[in-house]
Structure formats: structure tokens, C-alpha cells
Amino acid sequence: MPGATLAVIGGTAMNRWPGFEPGTAHAVETAWGAPSAPLVEGRFAGTPAVFLARHGIGHHLPPHRINFRANMQALADIGVQRVIAIAAVGSMLEGFPPGAIALPEDCIDYTSGRAQTISDGNGADLLHIDFTAPFDPLRERILASAPDDGLHAGGVLGVTQGPRLETAAEVRRLVRDGCGMVGMTTMPEAALARELGMEYAVVAVCVNWAAGMGSGDIHAEIEASAARGMARVGNLLSAVLPRLSR
Ligand code: HPA
């Protein structure tokens, strides 16, 4: 498969990628099995990029069923060097309301039972990656060319197991831990990218106030804000991808 060195992983509501001109879809297999969906090569704002639908075509895979190792291995196998991962999140930050996007600076992993490393016996090298700053340096490069359109630059992303949303007490604990937003898919994705030598940053799309933080119905909030957030993701990618491919 001809090599685009940039990949975008689409999350909830990202199976259609506004502005993406899809080319050939490649069904691939890795040492860990098949990724969530075929890898779609194409162009975004003229820039070659590979797109992977994290939840599969038609969004059939819940977070705990995603084969993260296969997804990240598939991208590494075709020579991807940088991964921009889109993730829907709930927000606990006043300055990051539904419909806004963020470039979180760090994350805390609350997931359990997910296959989280490629360093998994059978003679594989033992990897203790430095994960002090999980999203740098790519996050810094994105920030340098990002439009200022509703972008929140920072925040700690708590990654929960799901698929249920959190209780209000769990969200209060996340806030005490220093989290400003909560999603379900960034881990182990980010760590696997680092193990495989790919730069990785997450663009968080706020689709709701986290449990107990808002006053409305969470699902109605998600419904009302997802399209606005995705339009912002589209603007961000159009501005940033041409610069990153250089
Ligand atoms: N919690 C966890 N994951 C999410 C949320 C949330 O409130 N919203 C979107 N993904």
C-alpha cells in the first residue's frame, strides 16, 4: 500500500470525514489480527492521509471490543509516522463546552482488561516506553498551526472503560484526580503508538458535559453538539495536515 505517513483515526460520529476524498480501501491483517476497518487511503485538503474508523464501519465496535493493537500495528506496518486521533469526550471544564474541541496535554488510564502492549512475551523486546508526555511532540506541532476556532489547548483526559457513561461520583473523583475531560478510547491507543514509534496526539471533541456537570439530558446534548464539534475538527485538520506532511 503506497505510503501516506499521516493517519487520522476517527471516533464516534467520524465515519464520515468531511473534506476527506477517499481513495482505495485496504483490508489488512496484522500479527494481532485485523484492525477495526479497512485502511482508507485518500487526501484531506490535498494532503495524502490514511483514515481508520476506530469503531468499525457503521460504528459496531464498543470501546472495550476494539483491537487497539491491530489498529496501531496496521498503521505502523504501512509506514505511518504520525497519528491524529479524534475522540469524543465529556467535559468537566467550564471553558470546554459541548461542540468545542481540545488538544489535551496528558491522560490518566482508568481502563481495565485491555490488551495494552505489544511487549507481550513470545520473545518480544521488553518495552518500558517513556510516557511522561503522551501527546508530544505532535500536539505542539498541531497547536502551532491550529486555527483559534473554539480550540481549548490543554486539559487532562481521563480514559474510562465504558461502555456506560460515568456516575456523578466517578466524575467528581476524576476532577479530584486533575482530569478535565473523559473519554473511552485514548488508552491503550496512545501507548501503543509510542511503542510502535509513531507520534500521536488526540483531538478531543466535547459532545456533552460529563455526568453530574450539566443540567440537561446527556444523550440529547450529544445529539445536539456532535455535528458542530466535527465541523471544527474538519477545519482543524484542513489547517494542520498540509503543514504536518512536510
Ligand atoms: N464519558 C466517557 N466517554 C465519553 C463521554 C463521557 O461523558 N462523552 C463522550 N465520550
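Look up: the structure comes first, before these words.
Small disclaimer: the values here were computed from a predicted structure and weren't measured. (Residues numbered from 1 in each chain as written. Predicted model: local features only at pLDDT ≥ 70, side-chain atom pairs only at ≥ 80, totals over all residues. Heavy atoms only, no water.)

This part covers the overall build of the chain. Helix and strand counts for the chain stand at five helices and 11 strands. For 246 residues, the compact-globule estimate of 2.2 N^0.38 gives 18 Å, and the C-alpha radius of gyration of the chain, at 17 Å, lies within 12% of that figure. Considered along the principal axes of its C-alpha atoms, the chain spans approximately 50 × 40 × 35 Å. Considering the chain as a whole, with its 246 residues, one finds that 51% of them fall into the buried category. The contacts in the chain between residues at least 6 apart in sequence include a share of 80% that link residues at least 24 apart. As presented, the chain carries roughly 10600 Å² of accessible surface, and 51% of it is formed by carbon and sulfur atoms. Across the chain, 18 positive and 24 negative side-chain charges occur, with their mean positions spaced 3 Å apart. (Helix = DSSP H or I, 4+ residues; strand = E, 2+ residues; numbered from the N terminus. Rg over C-alpha atoms; globule rule 2.2 N^0.38 Å. Buried < 20%, exposed > 50% of the residue type's maximum accessible area, 1.4 Å probe, protein only. Contact = heavy atoms within 4.5 Å. Areas by Shrake-Rupley, 256 points an atom, 1.4 Å probe, with all protein chains shown as cover. Lys, Arg positive; Asp, Glu negative; His and termini not counted. Charge placed at Lys NZ, Arg CZ, Asp CG, Glu CD.)

The subject of this paragraph is the site of the ligand. Around the ligand sit A88, V89, G90, L165, E166, V182, G183, M184, V207 and N208, and that is every residue in its neighbourhood. In the model, a nitrogen atom of the ligand is placed 3.3 Å from a nitrogen or oxygen of the A88 main chain. Note that a nitrogen atom of the ligand is positioned 2.7 Å from one of the side-chain N or O atoms of N208. Starting from 260 Å² of accessible surface for the ligand in isolation, the protein chains cover 92%. If you tally residues by element for the shell around the ligand, the top one is strand 5 (residues 82-91), at three residues. The class makeup of the residues in the shell around the ligand is six nonpolar, three polar and one charged. (Near = heavy atom within 4 Å. Polar contact = N/O pair within 3.5 Å; in protein donor to acceptor, adjacent residues only side chain to side chain. Nonpolar A, V, L, I, M, F, W, Y, C, P; charged D, E, K, R; others polar.)

Scanning the entire structure with this criterion turns up two aromatic pairs. Measuring from ring centre to ring centre gives 5.9 Å for F20 and F51, while their planes differ by 50°; the resulting arrangement is tilted. Taken together, the positions of F20 in strand 2 (residues 20-26) and F51 in strand 4 (residues 47-53) put the pair 31 residues apart, joining distant regions of the chain. Relative accessible area serves as the criterion here: at 12%, F20 is assigned to the buried category. With a relative accessible area of 5%, F51 lands in the buried category. Geometrically, the ring pair formed by F135 and Y200 is tilted, given 6.2 Å between the ring centres and 35° between the ring planes. With F135 in the loop between strand 7 (106-109) and helix 2 (138-145) and Y200 in strand 11 (residues 199-209), this pair connects stretches of sequence that are 65 residues apart. Classification of F135 by relative accessible area gives buried; the value is 0%. (Phe/Tyr/Trp six-rings, centres within 6.5 Å; stacked < 30°, edge-to-face > 60°.)

Here we come to the pattern of salt bridges. The full count for this structure, using the stated rule, is four salt bridges. R69 is the partner of D120 in a salt bridge, and the nearest nitrogen-oxygen pair spans 2.7 Å. Of this pair, D120 sits in the loop between strand 7 and helix 2 while R69 is found in helix 1 (residues 68-77), placing the two residues 51 residues apart along the sequence. The partner of R164 in a salt bridge is E170, with the nearest N and O atoms 2.9 Å apart. (Salt bridge = Lys/Arg side-chain N within 4 Å of Asp/Glu carboxyl O.)

Within the structure shown, the criterion is met by zero disulfides. Left without a disulfide partner, C179 is nearest to the cysteine sulfur of C107, which lies 8.9 Å away. Lacking any disulfide linkage, C206 is separated from the closest cysteine sulfur, that of C179, by 14 Å. Of the residues examined, C206 reaches a relative accessible area of 0% and is grouped as buried. (Disulfide = S-S within 2.5 Å.)

So, on to the side chain of S225. By the element assignment, S225 lies in helix 5 (residues 218-244). S225 sits in the buried class, given a relative accessible area of 1%. Here the side chain of S225 touches V207 through a polar contact of 2.8 Å, landing on its backbone oxygen. Beyond its immediate stretch of four places on either side in the chain, S225 contacts P98, G99, C206, V207 and N208.

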